[in-house]
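Here is how the chains run, residue by residue.
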Amino acid sequence: MIRHTLSSKKMKKALRHLIIYVLLILLALFMMGPFLWLLSVSLMPGRNVFANPPAILPTFIAFDNYVQVWEFMDFPRYIINTVVITLLGVVFNIFLSCLTAYPLATFRFRGRNLVFTLLISTMIIPSATAMIVHYLTIQAFHLGNTFLGVVLPAAVSVFNIFLMRQTFLGIPTDIRDSGKMDGASELRIFVQLVMPLVKPGIAVIGLLEVMAFWNNFLWPIVVLDDPQKYPLAAALTYLNGQFSYNFGWIAAGTMISVLPIIVVFLFTQKYYMEGIAGAIKG
Amino acid sequence: MYKAIRSESFAAWAFMAPGLLFLAVFTFWPIIYGVPLSLTDYSVITETHFVGLDNFTRAFKDHNFLISLWNSLVYVLVVPVIQIISILMAILVNSRIPGVKMFRAAYYIPVVTSMVAVALIWSWLLGNNGVVNYLLLKVGILSEQVSWLSTSSTALYVLMFITMWKGLGYYMMLYLAGLQGIPADLYEAARVDGAGPLRLIIHVTLPLLRPHILFCTVISVMGAVRVFDEVYILTKGGPGTSTLTSSVYIFQKGLEQFNFGYASALGLIVSVMVAALSVLVFRLNRRGGVNTY
């Protein structure tokens with residue numbers, strides 16, 4: 001009798017696991033299927049994506065599409081553009097959000113509440129025409145057609161400031177006090193004592209911004225007159241427009257632009273996921 | 001003591017100065033400058049005049065603008081769907097079984113890839129002779145091909161589907177963080193009281209997820225009202241005006257036709273509506289709880 005209930009319990013557990021795995025795999029097909037299909041299109045030269053019946057799995061593999069599209073489009077240039085824009089954006093965001101968030105987390109000063117109110121108000125009253133005003137501002141600064149013009153409007157965000165503030169709040173106050181006892185200036189305390197402790201927070205902002213700048217396509221097109229300066233995502237829209245029926249090339253080009261960010265994500269997902277989850281508290 | 005606070009004040013403002021400067025120029029200024037701009041006929045080409053409230057009276061007679069507002073409002077219907085599915089996904093990937101982390105990462109990949117790539121893939125899949133039509137015909141759900149993105153009655157919903165597909169992983173992770181904050185003994189206690197899985201979800205999980213649901217709903221509503229990328233890449237508002245959302249219309253008026261004054265007026269109207277909508281979500285949540293949406 002006892003053995004019987006035990007084995008039925010085991011059966012129940014096994015069945016539960018089976019159901020969960022089936023659901024997980026079905027969902028994975030739904031979320032990953034489109035990417036795998038794109039990969040298979042990119043690996044089969046000359047394939048028509050609208051063929052009937054559609055070839056979903058590759059029957060052969062060749063890298064011709066990659067070689068040809070790499071020769072046709074100046075990928076190294078677009079990759080360098082993307083890397084420069086992304087690096088600039090990430091550095092600005094880390095630098096500015098750390099500096100702005102630190103006093104909000106640790107200092108007592110006049111106007112603190114005012115700054116808070118201002119920051120939160122921007123989240124409630126969004127600007128639907130921000131891009132138009134940014135365009136005018138960038139033109140007024142004579143930064144049109146420059147990478148700086150692409151980066152500056154997104155150089156700091158309220159979201160990142162709150163995220164960093166949350167990180168600074170987690171640092172014990174005695175660290176700053178002990179620094180003061182030794183006669184260190186606020187700047188020195190910040191750079192030498194506090195900053196090394198918030199590396200995880202910095203990593204999260206870095207990752208979020210790498211993804212944001214890498215994938216940004218519209219604003220670069222608006223600011224940059226010269227397509228030679230386009231980042232990958234923007235260049236890709238150009239490729240799609242030019243060769244809408246060379247499916248293999250477009251698929252290969254898209255894979256080239258998407259793979260780096262997926263690799264970055266897979267290697268850093270631990271920090272990234274923690275950061276996303278932590279942001280909700282901020 | 002007073003002196004200490006004063007020196008701290010100086011240090012604080014010195015630290016914040018660069019960041020606040022950037023925020024002033026690129027976050028506060030667009031909100032403020034939109035107002036005077038909306039009272040002019042500013043465009044790059046012609047001389048600028050003060051036109052009073054003309055832009056606003058014009059806006060409310062502008063048929064396309066009203067349609068774009070309506071479409072943006074319809075787009076918000078995607079919010080409850082996203083929230084329900086992503087909560088269910090979070091519950092699923094919260095199960096402690098081997099390999100579950102791999103699945104979490106897999107579901108997140110659409111979030112980190114660019115909309116340009118996502119839009120391209122779906123435009124192929126959804127083409128006339130595309131894979132989606134093939135599969136639906138095969139299963140018998142459809143009796144003839146549907147041009148999903150170039151039929152006015154389906155295009156908007158297809159775009160909403162793509163928005164959902166790309167966003168599910170993001171909300172799933174937020175809800176997962178919420179689920180992992182729920183103490184296990186609460187479930188234990190409810191189970192001892194004889195609650196089944198469904199009742200556990202309704203009486204334990206959902207009430208405790210409420211702050212997360214509120215947060216996710218607000219950002220999701222804002223995202224839906226301001227949807228731009230997928231619409232602009234895939235349909236540019238067409239066919240006709242069937243997918244014209246307010247952001248796309250403002251972009252067309254402003255950065256394509258250079259009617260900066262008029263576009264700012266439209267933007268101001270939309271901003272006020274978005275602010276009202278997010279306040280409304282907060283209110284609803286406070287009063288009705290989870291069942292409200």
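Residues numbered from 1 in each chain as written. Chains lettered and ligands numbered in written order. Predicted model: local features only at pLDDT ≥ 70, side-chain atom pairs only at ≥ 80, totals over all residues.

**Focus on the overall build of chain A**
Condition: Counting from the N terminus, the helices are DSSP H or I runs at least four residues long and the strands are E runs at least two residues long. Only C-alpha atoms enter the radius of gyration; for comparison, a globular chain is expected to reach 2.2 Å times N to the power 0.38, where N is the number of residues. Exposure is read from a count of other C-beta atoms within 10 Å of each residue's own; the residue is exposed at 12 or fewer, buried at 20 or more and partly exposed in between. C-beta atoms are placed from the backbone.
Along chain A, the regular secondary structure elements total 13 helices and 0 strands. Tracing chain A from N to C terminus, the helices and strands come up as α-α-α-α-α-α-α-α-α-α-α-α-α. Since a compact globule built from 282 residues should have a radius of gyration of about 19 Å, the 25 Å found for chain A marks it as more spread out than a globular shape. Oriented by its inertia axes, the alpha-carbon framework of chain A measures out at about 80 × 75 × 35 Å. When burial is assessed residue by residue, chain A has 38% of its 282 residues classed as buried.

**Focus on the overall build of chain B**
Stated formally: Contacts are defined on C-beta atoms placed from the backbone: any two residues whose C-beta positions lie within 7 Å are in contact.
Along its length, chain B carries 14 helices and 0 strands. Starting at the N terminus, the α and β elements of chain B follow one another as α-α-α-α-α-α-α-α-α-α-α-α-α-α. Among the 293 residues that make up chain B, the fraction classed as buried is 42%. In chain B, 70% of the contacts between residues at least 6 apart in sequence involve partners at least 24 apart.

**A word on the nonpolar core**
The test is simple: Buried Ala, Val, Leu, Ile, Met, Phe, Trp, Tyr and Cys residues form a nonpolar core when they are connected through C-beta atoms within 7 Å. Marked domain ranges trace back to an automatic or database domain assignment.
Counting residues in each nonpolar core, the largest one holds 150 residues, and the members touching the most others are Y107(B), V116(B), A119(B), M172(B) and L266(B). Broken down by element, this core gets its largest block of residues, 14 residues, from helix α8 (residues 152-180) of chain B. Both domains that furnish three or more residues to this core are identified here as domain 1 (2-62) and domain 2 (67-279) of chain A. Setting aside residues no more than four positions away along its own chain, L266(B) makes contact with A59(B), F65(B), Y249(B), I250(B) and K253(B).

**Description of the interface of chain B and chain A**
Definition in use: For this classification, the nonpolar set comprises Ala, Val, Leu, Ile, Met, Phe, Trp, Tyr, Cys and Pro, the charged set comprises Asp, Glu, Lys and Arg, and every other residue, Gly included, is treated as polar.
Across the contact, 68 residues belong to chain B and 70 residues belong to chain A. If one sorts the elements of the side of chain B that touches chain A by residue count, helix α1 (residues 2-38) of chain B sits on top with 21 residues. Its residues assigned to classes, the side of chain B that touches chain A shows 47 nonpolar, 18 polar and 3 charged.

**Considering unusual backbone geometry**
Residues and elements named next belong to chain B. G238 connects to P239 through a cis peptide bond whose omega is -5°. For P239, the location among the structural elements is in the loop between α12 (229-234) and α13 (246-256). The phi torsion at F258 lies on the positive side, around 55°, for a residue other than glycine. Tracing the chain through its elements places F258 in the loop between α13 and α14 (260-288).

**Focus on the packing of helix α7 (residues 158-169) of chain A against helix α10 (residues 199-215) of chain A**
Residue and element names in this part refer to chain A. This is how it is decided: Every angle, taken between N-to-C directions, lies between 0 and 180 degrees, and every axis is a line fitted to C-alpha atoms, over only the stretch in contact when it is a helix. When an angle is under 35 degrees it counts as roughly parallel; over 145 it counts as roughly antiparallel; between 65 and 115 it counts as roughly perpendicular; any other value is oblique. Two helices crossing with the near one rotated counterclockwise from the far one by less than a right angle form a left-handed crossing, whereas a clockwise rotation gives a right-handed crossing.
Contact pair α7 / α10: the axes reach a minimum separation of 9 Å and the direction vectors enclose 160°. What the angle tells us is that α7 and α10 run roughly antiparallel. For the element pair α7 and α10, the recorded crossing hand is right-handed. Touching N160, L163, M164 and T167 of α7 are G201, V204 and I205, all from α10. Residues of the contact of α7 with α10, tallied by class, amount to 4 nonpolar, 3 polar and no charged.

**Points about the domain arrangement of chain A**
Residue and element names in this part refer to chain A. Assigned domains within chain A: domain 1 (2-62) and domain 2 (67-279). Just the C-alpha atoms count here: the centres of domain 1 and domain 2 sit 35 Å apart. Counting residues at the interface gives 9 residues for domain 1, matched by 6 residues for domain 2. Considering only residue class, the side of domain 1 that touches domain 2 consists of 5 nonpolar, 3 polar and 1 charged.

**Considerations on the environment of Q252(B)**
With respect to the helices and strands, Q252(B) occurs in helix α13. Judged by C-beta crowding, with 18 C-beta atoms within 10 Å, Q252(B) ranks as partly exposed.

**Looking at the environment of I182(B)**
All names here are of chain B. Here I182 lies in the loop between α8 and α9 (184-192). Between the C-alpha atoms of I182 and L209, which are 27 residues apart in sequence, the distance is 8.4 Å. The residues touching I182, leaving out its near neighbours within four places in the chain, are T205 and L208.

**Some words on the confidence of the model for chain B**
All names here are of chain B. Note the following rule: Confidence of the prediction at every residue is given by pLDDT, a number between 0 and 100.
Mean pLDDT over chain B works out to 88, with 95% of the residues at or above the 70 mark. Mean pLDDT in chain B bottoms out at α14, which sits at 82, and peaks at helix α4 (residues 78-93), which reaches 95. Counted against residues more than four places away or in other chains, residues 288-293, with its pLDDT under 50, gives 9 contacts. With pTM at 0.89, the complex prediction returns an ipTM value of 0.86.

**Focus: helix α3 (residues 63-75) of chain B**
Residues and elements named next belong to chain B. Threshold: Here a helix's expected span is defined as the number of its residues, less one, multiplied by 1.5 Å. Of all possible arcs, the one meant is that of the directions from the helix axis to the C-beta atoms.
The end-to-end C-alpha distance of α3 is 18 Å, a good match for the 18 Å that 13 residues give at a rise of 1.5 Å each. Within α3 the residues assigned to the buried category are F65, S68, L69, N71, S72 and Y75. Buried residues of α3 fall within an arc of 165° about the axis and therefore sit on the same side.

**What about the packing of α4(B) against helix α11 (residues 210-225) of chain B?**
Residue and element names in this part refer to chain B. Following both chains from N to C, one finds α4 and α11 inclined at 140°, their axes separated by 9 Å at the closest point. Judged by the inter-axis angle, α4 sits oblique to α11. By crossing handedness, the relation of α4 to α11 is classed as right-handed. Along the contact surface, α4 presents V78, V79, I82 and Q83, while α11 presents I213, C216, T217, S220, V221 and A224. Tallied by class, the residues present in the contact of α4 with α11 amount to 7 nonpolar, 3 polar and no charged.

**Let's talk about the confidence of the model for chain A**
Here chain A averages 87 in pLDDT, while 95% of its residues score no lower than 70. Per-element confidence in chain A ranges from a low mean pLDDT of 83 for helix α12 (residues 232-242) of chain A to a high of 96 for helix α6 (residues 147-151) of chain A.

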